[in-house]
Amino acid sequence: MSTWRNWSGTESATGVELLRPSSADELAAAVKNAAEQGKKLKAVGSGHSFTGCSVPEQVMIRLDGLSSITSADKESGRVTVGAGTGLRKLNAGLAAFDLAMANLGDIDKQTISGAISTGTHGTGARLGGLATQVVELDLVTADGSVLRCSKEENADVFDAARISVGALGVITSLTVQCVPAFLLRAQEMPLPLGEVLDGFDELADGNDHFEFYWFPHTDIALTKRNNRVAAGVGPSPVGRIRGWVDDELLSNQVFELTNRLASRRPGLVPRINRIASRALSAREYVDASYKVFCSERSVVFRESEYAVPREHVVDVLRRLREWIDASGSRIPFPIEVRVAAADDIWLSTAYGRDTAYVAIHQYHRLPHDPYFQAFERIVADYDARPHWGKLHTLDPSGLAARYPRFDEFLAMRDRLDPERVFTNPYSRQVFG
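Notes on the structure follow. Only a predicted model underlies this, so the values are computations on that prediction, with no experimental measurement involved. (Residues numbered from 1 in each chain as written. Predicted model: local features only at pLDDT ≥ 70, side-chain atom pairs only at ≥ 80, totals over all residues. Heavy atoms only, no water.)

### A word on the side chain of Thr218
- Along the polypeptide, Thr218 turns up in the loop between strand E13 (209-214) and strand E14 (220-228).
- With residues up to four places along the chain from it excluded, the contact list for Thr218 reads Asn273, Arg274, Ser277 and Arg321. (Helix = DSSP H or I, 4+ residues; strand = E, 2+ residues; numbered from the N terminus. Contact = heavy atoms within 4.5 Å.)

Rendered as structure tokens:
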């Protein structure tokens, strides 16, 4: 029997059976056998979701044995990879083929299947989340069948299974449409929050990848603009010492200490945030895309993230700021804002609409419920959709009102898993 715990410490499971298949056939046989015994199964990735989406109730499937690139066609850019492959390993492997993912999130600790299944996204007004880069996947369903899914084969399952929160089966492999490896010029600089909000559309549309972090209790936002470089421009990465100071010392070690201080003396948070925002300095560098996209994060926190129609994001930020100021809450963690293009995946937070993401965080030693509840009340006025791997309280009725294809997804679940082999408390919360 095994024990499982997610990265943030919000979810855990003890006394569960562990399966570690070394091949897709072995996985299919194990699923069929467990299902025939009436057991509930859940595939777990790296545990980077804050919700209970991957908590195993009886049987935990670890996909470590399916964690490599199995084929790569440099000419077409299509790469097939085992579902248990970590993003960090995948990025390094793609670079060896002179290929890259077109867009990534800001951490690379997740497995590719876990990131896809929960709707992980990066930022870019003309780009979709990670699931939009998947062109084919193999799915083991509750009866042990293996469905190959793409736009041409089992197309309805494909549209549902790319973001399925593990409710339809276990993905064994994915084929990703990659692009030739590319360099990004990263430009990071603090700007007045009002200037960022007033010029949000120009910043989002005028850069390949744009995001910003706003420190509550201050008027400062850290902006990040990442753009492809012109032909002939070579890399000029951050120096080793500057990189360590900015990305490890300040962003992790010092940030951990200031958050610990904030948890003991919350009244100091506004002053801490003002000092932190003034300490931010502009920097510019050019490096491989995946090295620019991804950052190291070691400070433990809680997170909630909602996707809103892009045209409403500035209103959401202003209302959230008003609540923070009026409530007396002390928030040492910045609020992150990103964008994505509309897509056609049934449970994608960007389904059918250009989207902006607002992610709020709280240090794990500080209470987060009042803050997160207020955030949910604000975004509810804008038809907001929660990130499947981040904390929220919505149930099937609330989700059905926000996802046009939600009922079709439930029907697909009834078809592929009528006995609810792949259920757990979180899937019962969100899907019934």
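### Let's talk about the layout of surface pockets
- Here the second largest pocket is characterised by a volume of approximately 810 Å³.
- Forming the boundary of the second largest pocket are 47 residues, of which Ser49, Gln110, Gly114, Ala115 and Thr118 lie nearest the centre.
- When residues of the lining of the second largest pocket are traced back to their parent elements, those giving at least two are strand E3 (41-44), helix H3 (112-117), strand E10 (170-177), strand E16 (301-309) and strand E17 (335-340).
- When grouped by side-chain class, the residues that make up the lining of the second largest pocket number 15 nonpolar, 23 polar and nine charged. (1 Å grid on protein atoms, 1.4 Å probe; cavity = no way out; pocket = protein on both sides within 12 Å on 5 of 7 lines; lining within 4 Å. Points joined across faces, edges and corners; volume = space filled by probe spheres on them. Nonpolar A, V, L, I, M, F, W, Y, C, P; charged D, E, K, R; others polar.)

### Points about the sheet that holds strand E8 (residues 134-140)
- Pairing within the open sheet is antiparallel, and its five strands lie in the order E5-E6-E10-E8-E9. At either margin of the open sheet sits one strand with a lone partner, and together these are strand E5 (69-73) and strand E9 (146-150). Neighbour-to-neighbour, the strand axes of this sheet turn through a mean angle of 10°, independent of strand direction.
- Looking at chain direction, strand E6 (residues 78-82) and E10 are connected through five bridges and run antiparallel. The residue bridging Val81 from the neighbouring strand is Leu174, located in E10. (Pairing = 2+ DSSP bridges. Axes fitted to C-alpha atoms, helices over the stretch in contact; angles between N-to-C directions.)

### Looking at empty space enclosed by the protein
- Overall, the coordinates contain two cavities of 30 Å³ or more when judged by the stated rule.
- Within this model, the largest cavity holds a volume of roughly 100 Å³.
- What lines the largest cavity is a set of 19 residues, among which Gly119, Thr120, Gly129, Ile163 and Ser348 lie closest to the centre.
- Each residue belonging to the lining of the largest cavity can be placed in one class, and the counts come to nine nonpolar, nine polar and one charged.
- In this model, the second largest cavity occupies a volume close to 30 Å³.

### Remarks on the packing of aromatic side chains
- Per the counting criterion, the structure on display carries 15 aromatic pairs.
- Where Phe409 meets Phe431, the ring centres are 5.1 Å apart and the plane angle is 35°; that geometry is what we call tilted. A residue pair is termed long-range when its members are at least 10 positions apart, and Phe409 in helix H13 (residues 406-416) and Phe431 in helix H14 (residues 425-431) qualify at 22 residues.
- Among the residues examined, Phe431 registers a relative accessible area of 5% and is labelled buried.
- Among the aromatic side chains, those forming a connected cluster through ring pairs are Trp7, Phe50, Phe255, Phe301 and Phe333.
- Sitting over the ring of Phe182, Arg228 keeps its end group 3.8 Å from the ring centre.
- Over the ring of Tyr403 we find Arg385, and its NZ or CZ is 5.3 Å from the ring centre. (Phe/Tyr/Trp six-rings, centres within 6.5 Å; stacked < 30°, edge-to-face > 60°. Buried < 20%, exposed > 50% of the residue type's maximum accessible area, 1.4 Å probe, protein only. Lys NZ or Arg CZ within 6 Å of the ring centre and 35° of its normal.)

### A closer look at helix H10 (residues 313-327)
- For H10, with 15 residues, the first-to-last C-alpha span of 21 Å sits near the 21 Å given by 1.5 Å per residue.
- Of the positions making up H10, those classed as buried are Val313, Val314, Val316, Leu317, Leu320 and Ile324. What you see down the axis of H10 is that its buried residues fit within an arc of 160°, all on one side. Facing away from the buried surface of H10 by more than 90 degrees, the exposed residues are Glu322, Asp325 and Ala326.
- One or two positions beyond H10, positive phi appears at Gly328, with a value near 80°. (Expected span 1.5 Å × (residues − 1). Arc of directions from axis to C-beta.)

### Some thoughts on the state of the cysteines
- Tallied over the full model, the rule gives zero disulfides.
- Left unpaired, Cys149 is separated from the closest cysteine sulfur, that of Cys178, by 19 Å.
- Of the cysteine sulfurs around Cys294, a residue in no disulfide, the closest is that of Cys178, at 14 Å. (Disulfide = S-S within 2.5 Å.)

### Structural notes on the pairing of strand E2 (residues 12-19)
- Where strand E1 (residues 2-5) lies against E2, three bridges are found, and the strand directions are antiparallel. Among the inter-strand pairings, Ser2 is bridged to a residue of E2, identified as Val16.
- Counting the residues in the hairpin turn of E1 and E2 gives six residues, including Gly9, whose phi is positive at 80°.
- Sheet topology places E2 next to strand E4 (residues 59-62); three bridges connect them, and they run parallel. Looking across to E4, one finds that Leu18 is bridged to Met60.

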